[in-house]
Amino acid sequence: MVTDKFNPKESTLDQDPLASDGLNLDPQGLIEKDPINLDELKRLTGQSVLSVDQFDKELVLEVCKFAALLESKEIAKAHPLDGKIIITAFFEASTRTRLSFESAVLRLDGKIISIPEGKSTGQAKGESLPDIGEMFNAYADCVVMRHTDTDAIDEIMHNLRIPLINAGNGTGEHPTQSLADWFAILKWKPKLKGKLKPNDRIHLGILGTPGSMRAVNSFLRMSLLFNDGIKKISLISEMADPLGEELAQKVKESGIEVFISNDINDVVSDLDVIYMNSIAFLGDSYKSLDSRFKLDENTKMKEDAVVLHPLARLDELDPMLDGTHHNLYFTQAHGAVFVRQALFISILNRFDKIPKDEIQ
């Protein structure tokens, strides 16, 4: 059994395969002299992960620290998910999210039952999501679901009794994406784990509209948890009111100053972190963003500013930035596997499968 607090040994993994382009950040900075608190992680045991609102800063930090350990160590030989079956039910197209979840499971020796598209399920014939959820109870230990319908999570939860991880529901949320986002940010600036002095806090820029972009929605919600490390959020959106009543209230409660603009060039020279997305989901279609929301090698960014993007990208993020130190988005994508591993181990309570000699 693992103890309630533990420290990693030195990293034994090869170099980050994404290190050829952009930033290559050492995850050890998150866990050095800062042991993981299993009591916090065990709050996730047996739980579904449906919304960022289920998390507080302490839990986000422990998930990210655990992900840092998993990135630093090779624990596949311990088979942490041996005997567990995960359903990846993707009723909406996905590349990175589905494959990163499946990679996370398979690298820990779990098994996958995959639904790569909704047309391959009974829903294509009119079967209800509650009925599908009832069947899932007999087939697996956990479900990862993405769906075009924002209400799909509520519908399937009517009958689902095993944990569900929301991998994106319509224009709703994408909570594990925001965990991957903040895992990258915390590796970039580990001091954000604590309370920063006002002059050391970051100016965060978010390109997009939370009401129609679920990754942006979840990222903003999680960012508000770090109000003691953020001095200002600039939200760049084509909408006059991109927040809506509920998010506006959360922003007010956080105490973070929020500036709203419709052009990235108004604020880009002062931003420390730039979070962007390529598309807005509008009902049953996607809308790409225009030039006011684009970055390239001519954009007047701060020398040490970093860019995040959940991918896939269109022309809003120029590949010319890939080989620069602004590129945090490849590390962001790579780290998603370890964040999702941390969630599976925590939700399924497989901490005792981690060998002592790997974590002490």
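Look up a bit, the structure's there.
Residues numbered from 1 in each chain as written. Predicted model: local features only at pLDDT ≥ 70, side-chain atom pairs only at ≥ 80, totals over all residues. Heavy atoms only, no water.

Peer 1: In this structure, what is going on with the packing of aromatic side chains? I would like to understand it.
Peer 2: Aromatic ring pairs are defined here through the distance separating the ring centres and the angle between the ring planes. Considering all chains together, one arrives at six aromatic pairs under this definition. Look at Tyr329 and Phe330: their rings are 5.2 Å apart centre to centre, the planes differ by 85°, and that puts the pair in the edge-to-face class. One cation-aromatic arrangement involves Lys187 over Phe183; the distance from NZ or CZ to the ring centre is 4.3 Å. Looking at Arg340, its charged tip hangs above the ring of Phe101, at a distance of 4.4 Å from the centre. (Phe/Tyr/Trp six-rings, centres within 6.5 Å; stacked < 30°, edge-to-face > 60°. Lys NZ or Arg CZ within 6 Å of the ring centre and 35° of its normal.)

Peer 1: What exactly am I supposed to notice about the pattern of salt bridges here?
Peer 2: This model, assessed by the stated rule, comprises 17 salt bridges. One salt bridge in this structure joins Glu102 and Arg98, with 3.3 Å as the shortest N-O distance. Here Arg98 and Glu102 lie together in helix α4 (residues 96-107), a separation of four residues that amounts to about one turn. No difference in accessibility class separates Glu102 from Arg98, as the two residues are buried. For Arg221, the salt bridge identified is with Glu173, shortest N-O distance 3.9 Å. (Salt bridge = Lys/Arg side-chain N within 4 Å of Asp/Glu carboxyl O. Helix = DSSP H or I, 4+ residues; strand = E, 2+ residues; numbered from the N terminus. Buried < 20%, exposed > 50% of the residue type's maximum accessible area, 1.4 Å probe, protein only.)

Peer 1: I tried to follow the sheet that holds strand β6 (residues 164-169) on my own but got confused; where do I start?
Peer 2: Whenever strands of a sheet pair, they do so through backbone hydrogen bonds, lying parallel or antiparallel. Within the open sheet, the four strands sit side by side as β4-β3-β5-β6. Their pairing is parallel. A strand with exactly one partner marks an edge of an open sheet, and here the two such strands are β4 (111-115) and β6. Averaged over all pairs of adjacent strands, the angle between strand axes in this sheet comes to 10°, irrespective of strand direction. Alignment of strand β3 (residues 85-90) against β4, held across five bridges, turns out to be parallel. (Pairing = 2+ DSSP bridges. Axes fitted to C-alpha atoms, helices over the stretch in contact; angles between N-to-C directions.)

Peer 1: Help me understand the side chain of Ser223 in this model?
Peer 2: Note that Ser223 resides in helix α8 (residues 214-223). Here Phe219 takes part through its backbone oxygen, which lies 2.7 Å from a polar atom of the side chain of Ser223. For Ser223, the contacting residues outside a window of four places in its chain are Trp182, Leu204, Ile230 and Ile256. (Polar contact = N/O pair within 3.5 Å; in protein donor to acceptor, adjacent residues only side chain to side chain. Contact = heavy atoms within 4.5 Å.)

Peer 1: Can you help me understand the environment of Ala152 in this one?
Peer 2: Relative to the assigned elements, Ala152 resides in helix α6 (residues 152-156). For Ala152, a relative accessible area of 0% puts it in the buried group. Separated by 14 residues in sequence, Ala152 and Asn166 place their C-alpha atoms 9.8 Å apart. With residues near it in sequence (within four places) discarded, Ala152 still touches Leu129, Met145 and His147.

Peer 1: Hey, could you run me through the nonpolar core in this one?
Peer 2: Inside soluble globular proteins, nonpolar side chains tend to come together where they are buried. By size, the foremost hydrophobic cluster in this structure holds 74 residues, and its most contacted members are Val63, Phe66, Trp182, Ile206 and Phe344. No other element matches helix α3 (residues 57-72), which puts 10 residues into this core. Each residue touching Phe344, except ones within four places of it in the same chain, is listed here: Leu81, Ile86, Phe101, Ala104, Val105, Cys142, Val144 and Ile165. Grouped together as the second largest cluster of nonpolar side chains are 17 residues, Ile236, Val268, Ile274 and Leu321 included. (Core = buried A, V, L, I, M, F, W, Y, C linked by side-chain atoms within 4.5 Å.)

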